Amino acid sequence: MSDAQPITPAGFAALRQRYELLFSQERPRLVETISWAAGNGDRSENGDYIYGRKKLREIDRELTHLSRRMKAVKVVDPSAQGDRSRAWFGATVTIADEDDKERVVTLIGEDEADASAGRISWRSPLARALRGAAVSDVRRVDLPAGGRDYEIVAIAYPDP
């Protein structure tokens with residue numbers, strides 16, 4: 001799975017939902033506004049027209065990006081994981097550092113990552129250190145501030 005760009009079914013659904021919202025609602029609404037503004041005469045000083053064209057380019061760039069991401073990812077369902085005793089893609093892992101401070105992280109795809117919510121990218125340094133770990137294993141993570149050891153306290157996967 002190292003070459004693949006995994007994503008959970010929920011993460012893929014969020015990408016698709018964003019794409020559909022932009023393509024079927026926001027873009028047509030903006031095109032309508034631009035057409036209306038273009039009909040108002042001089043376009044060089046028409047704020048609605050200028051802003052609309054700029055916003056349309058931004059939406060088209062995001063649509064292109066989302067389309068490429070949806071083609072590049074591989075949907076992996078964590079609930080179908082066969083080996084639930086180790087931390088693999090989609091696992092929710094409880095770890096404790098040297099000071100016994102616990103932290104819960106979920107190993108997910110890059111497009112779904114949100115470190116503040118405990119969802120870390122499968123390719124992040126911490127996730128790479130946790131891959132394949134079992135409960136009570138100790139893994140060292142090299143961070144910019146120095147290395148830290150983490151003990152795996154618990155591993156959980158979504159129910160099938």
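Remember, predicted model here, so these are calculated numbers, not experimental data.

Student: What am I meant to see in the pairing of strand β6 (residues 138-143) here?
Tutor: If a strand is regular, its side chains alternate between the two faces of the sheet. Of the strand pairs in this sheet, β6 and strand β7 (residues 146-156) are connected by 6 bridges, and their pairing is antiparallel. Looking at the pairing, R139 lines up with Y150 of β7. The turn linking β6 back onto β7 is made up of 2 residues.

Student: Looking at this structure, I do not really get the packing of aromatic side chains. What am I missing?
Tutor: When we look at a pair of aromatic rings, we describe it by the centre distance and by the angle of the planes. Enumeration according to the criterion identifies 2 aromatic pairs in this entry. Ring centres of Y19 and F23 lie 5.9 Å apart, and the angle between their planes is 10°; on these two criteria the pair is classed as stacked. Within this pair, Y19 and its partner F23 are both found in helix α1 (residues 9-38), separated by 4 residues, close to a single helical turn. Looking at F23, the relative accessible area reads 47%, which means it is partly exposed. Geometrically, the ring pair formed by F89 and W122 is edge-to-face, given 5.7 Å between the ring centres and 80° between the ring planes.

Student: Mind showing me how you'd approach a positive patch on the surface here?
Tutor: The grouping of R43, R53, R57 and R61 at the surface amounts to a positive patch. Given a relative accessible area of 53%, R61 falls into the exposed group.

Student: Even after reading the chapter, I still don't get the confidence of the model for the protein, so can you show me in this structure?
Tutor: Detailed reading of predicted coordinates is not advised where the pLDDT is low. Mean pLDDT over the protein: 91, with 98% of residues reaching 70 or higher. The weakest mean pLDDT in the protein belongs to β6 at 91; the strongest belongs to strand β3 (residues 92-96) at 96.

Student: Would you take a moment to explain the packing of α1 against helix α2 (residues 47-72) for this structure?
Tutor: Geometrically, a packed helix pair is captured by the angle between its two axes and the distance between the axes. Running from amino to carboxyl end, α1 crosses α2 at an angle of 160°, the nearest separation of the two axes being 9 Å. Between α1 and α2, the crossing angle belongs to the class labelled roughly antiparallel. You can see that α1 and α2 cross each other, and the crossing is left-handed. By residue class, the composition of the contact of α1 with α2 is 17 nonpolar, 2 polar and 10 charged.

Student: Any chance you could explain the nonpolar core here in plain terms?
Tutor: A general trend in soluble globular proteins is that nonpolar side chains are found buried together. Counting residues in hydrophobic clusters, the biggest one holds 20 residues, and the most contacted among them are V93, L107, L126 and L130. Secondary-structure elements contributing two or more residues to this core are β3, β4 (102-108), α3 (125-130) and β7. Ranked by residue count, the leading element in this core is α3, at 4 residues. If we skip the residues at most four places from it in the chain, L130 touches A87, V93, I95, V105, L107, R139 and I152. In this structure, L15, A38, I59 and M70 belong to the second largest nonpolar core, which totals 15 residues.

Student: Looking at this structure, how should I read the sheet that holds β4?
Tutor: Within a sheet, neighbouring strands are paired by backbone hydrogen bonds and run either parallel or antiparallel to one another. On the basis of which strands lie adjacent, the open sheet formed by 5 strands has the order β5-β4-β3-β7-β6 and mixed pairing. Because the sheet does not close on itself, it has two edges, and the strands there are β5 (119-121) and β6. Neighbouring strand axes in the sheet, compared pairwise and without regard to direction, differ in orientation by 45° on average. Pairing between β3 and β4: 5 bridges, direction antiparallel. The residue of β4 that forms the bridge with V93 is V105.

Student: Could you clarify how one ought to interpret α1 in this entry?
Tutor: Structurally, the α-helix is built with 3.6 residues per turn, so residues lying three or four positions apart point the same way. Here α1 spans 42 Å end to end across 30 residues, near enough to the 44 Å set by a 1.5 Å rise per residue. For α1, the complete set of buried residues consists of G11, L15, Y19, L22, L30, I34, A37 and A38. Residues of α1 that are buried make contact with β1 (5-7) and α2.

Cut-off values and rules
Residues numbered from 1 in each chain as written. Predicted model: local features only at pLDDT ≥ 70, side-chain atom pairs only at ≥ 80, totals over all residues. Heavy atoms only, no water. Pairing = 2+ DSSP bridges. Helix = DSSP H or I, 4+ residues; strand = E, 2+ residues; numbered from the N terminus. Phe/Tyr/Trp six-rings, centres within 6.5 Å; stacked < 30°, edge-to-face > 60°. Buried < 20%, exposed > 50% of the residue type's maximum accessible area, 1.4 Å probe, protein only. Patch = residues over 30% accessible without salt bridge, like charges linked within 9 Å, V, L, I, M, F, W, Y side chains within 5 Å. Areas by Shrake-Rupley, 256 points an atom, 1.4 Å probe, with all protein chains shown as cover. Salt bridge = Lys/Arg side-chain N within 4 Å of Asp/Glu carboxyl O. Lys, Arg positive; Asp, Glu negative; His and termini not counted. Charge placed at Lys NZ, Arg CZ, Asp CG, Glu CD. pLDDT = per-residue confidence, 0-100. Axes fitted to C-alpha atoms, helices over the stretch in contact; angles between N-to-C directions. Parallel < 35°, antiparallel > 145°, perpendicular 65-115°, else oblique. Left-handed = near helix turned anticlockwise from the far one by under 90°. Nonpolar A, V, L, I, M, F, W, Y, C, P; charged D, E, K, R; others polar. Core = buried A, V, L, I, M, F, W, Y, C linked by side-chain atoms within 4.5 Å. Contact = heavy atoms within 4.5 Å. Expected span 1.5 Å × (residues − 1).

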